[in-house]
Amino acid sequence: MIDRLAVFGATGDLTARYLLPALAALRAAGHLHGGFRLTGASRDARPECCVVDSAAP
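Every value quoted in this text rests on a predicted model; they were computed, and no experiment measured them. (Residues numbered from 1 in each chain as written. Predicted model: local features only at pLDDT ≥ 70, side-chain atom pairs only at ≥ 80, totals over all residues. Heavy atoms only, no water.)

*Asks:* When you look at the overall build of the protein in this model, what are you seeing that I'm missing?
*Replies:* A tally of regular secondary structure across the protein gives two helices and two strands. In the protein, the succession of helices and strands from N to C terminus is β-α-β-α. The burial tally for the protein puts 9% of its 57 residues in the buried class. The long-range fraction of contacts in the protein, counting pairs at least 24 apart against all pairs at least 6 apart in sequence, stands at 69%. Approximately 4500 Å² of the protein is accessible, and the part contributed by carbon and sulfur atoms is 59%. (Helix = DSSP H or I, 4+ residues; strand = E, 2+ residues; numbered from the N terminus. Buried < 20%, exposed > 50% of the residue type's maximum accessible area, 1.4 Å probe, protein only. Contact = heavy atoms within 4.5 Å. Areas by Shrake-Rupley, 256 points an atom, 1.4 Å probe, with all protein chains shown as cover.)

*Asks:* Would you mind going over helix α1 (residues 13-28) with me for this structure?
*Replies:* Since the α-helix packs 3.6 residues into each turn, any two residues three or four apart lie on the same face. Taking 1.5 Å per residue as the helical rise, α1 with its 16 residues ought to reach 22 Å, and the 22 Å between its terminal C-alpha atoms agrees with that figure. Helix geometry: α1 is bent most strongly at L19, by close to 30°, with proline P21 lying one to four residues after it. Following α1 by one or two positions, G30 has its phi on the positive side, about 85°. (Expected span 1.5 Å × (residues − 1). Bend = angle between axes of the 7 residues up to and from the residue.)

What follows is the structure, given as structure tokens:
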């Protein structure tokens, strides 16, 4: 089971279109437990709240 994932380019288009929906599907299917941690890094200087809001469905 996956415990942690680091994403480089976390504010990018591919992350938003493919990676985050795939992680949501894994979570819904029970493949990611409650302690799963996602860490994102990006060259964008966006505040955390903006990144979290843009990732919400």
